[in-house]
Every structure is written in C-alpha cells, then in structure tokens.
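# Notes for the structure review
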Amino acid sequence: MRDPMGDVVAARKAYEQAQQDARQLVERARLELGRAIREAREENVSQDAIAKELGLTREQVRRFQREYESH
C-alpha cells in the first residue's frame, strides 16, 4: 500500500536537494565569471570595457573578481 505522506516527505527532500544543487551551480558560475574577469584584467582589458560589455557597473565587475580571488 502506498504511503501518501511518505510521498510528500520524499518530494520535499527532492525539492530541497534541487535548491542546494542550484546554489552550488550558481556559485561555480559566479567564480568562473570572476576568473574570466581577472584573466581579462591581466591582459589589460579595462573594468569599464568589461562592465559595458556585460551591462554591469564597475563595482559589480570588481565584486565578481574579488569573490573569485578570495575563494
């Protein structure tokens, strides 16, 4: 016999795991963006050029880079 509450609990656990997986995926992507920004800056690409291309502010560009460097 099927346990309806067991199904509910299992579905919630799957939902919570999906949220955790998504947070980890986003974190890895943010760090990759920070790495790419750092490498571009090392090749003398300006923060202004990066910010303009990405539609960000210079502070946002700095924040991505700093997050990568501090990780």
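The coordinates are above.
## Quick notes on the pattern of salt bridges
By the definition in use, this model includes 11 salt bridges. Glu 16 is the salt-bridge partner of Arg 12, the closest N and O atoms lying 2.9 Å from each other. Linking Arg 12 with Glu 16, this pair stays in helix α1 (residues 4–42), spanning four residues, or about one helical turn. Residue Arg 12 is classed as exposed on the basis of its relative accessible area, which comes to 55%. The salt bridge partner of Arg 62 is Glu 59, with a shortest N-O separation of 3.0 Å.

## Brief notes about unusual backbone geometry
Of note in the backbone geometry, Asn 44 takes a positive phi value of approximately 65° without being a glycine. Tracing the sequence through the fold places Asn 44 in the loop between α1 and α2 (47–54).

## A short note on α1
Taking 1.5 Å per residue as the helical rise, α1 with its 39 residues ought to reach 57 Å, and the 57 Å between its terminal C-alpha atoms agrees with that figure. Tucked into the core, α1 has its buried residues touching α2 and α3 (58–70). Backbone geometry just downstream of α1 places Asn 44 in the positive-phi region, at approximately 65°.

## Regarding the packing of α1 against α3
Contact pair α1 / α3: the axes reach a minimum separation of 7 Å and the direction vectors enclose 105°. The angle between the axes of α1 and α3 places the two elements in the roughly perpendicular class. Counted together, Arg 30, Leu 31, Leu 33, Gly 34, Arg 35, Ile 37, Arg 38 and Arg 41 of α1 and Val 61, Phe 64, Gln 65, Glu 67, Tyr 68 and Glu 69 of α3 form the full contact between these two elements. Tallied by class, residues from the contact of α1 with α3 come to six nonpolar, two polar and six charged.

How each quantity is defined
- Residues numbered from 1 in each chain as written.
- Predicted model: local features only at pLDDT ≥ 70, side-chain atom pairs only at ≥ 80, totals over all residues.
- Heavy atoms only, no water.
- Salt bridge = Lys/Arg side-chain N within 4 Å of Asp/Glu carboxyl O.
- Helix = DSSP H or I, 4+ residues; strand = E, 2+ residues; numbered from the N terminus.
- Buried < 20%, exposed > 50% of the residue type's maximum accessible area, 1.4 Å probe, protein only.
- Expected span 1.5 Å × (residues − 1).
- Contact = heavy atoms within 4.5 Å.
- Axes fitted to C-alpha atoms, helices over the stretch in contact; angles between N-to-C directions.
- Parallel < 35°, antiparallel > 145°, perpendicular 65-115°, else oblique.
- Nonpolar A, V, L, I, M, F, W, Y, C, P; charged D, E, K, R; others polar.

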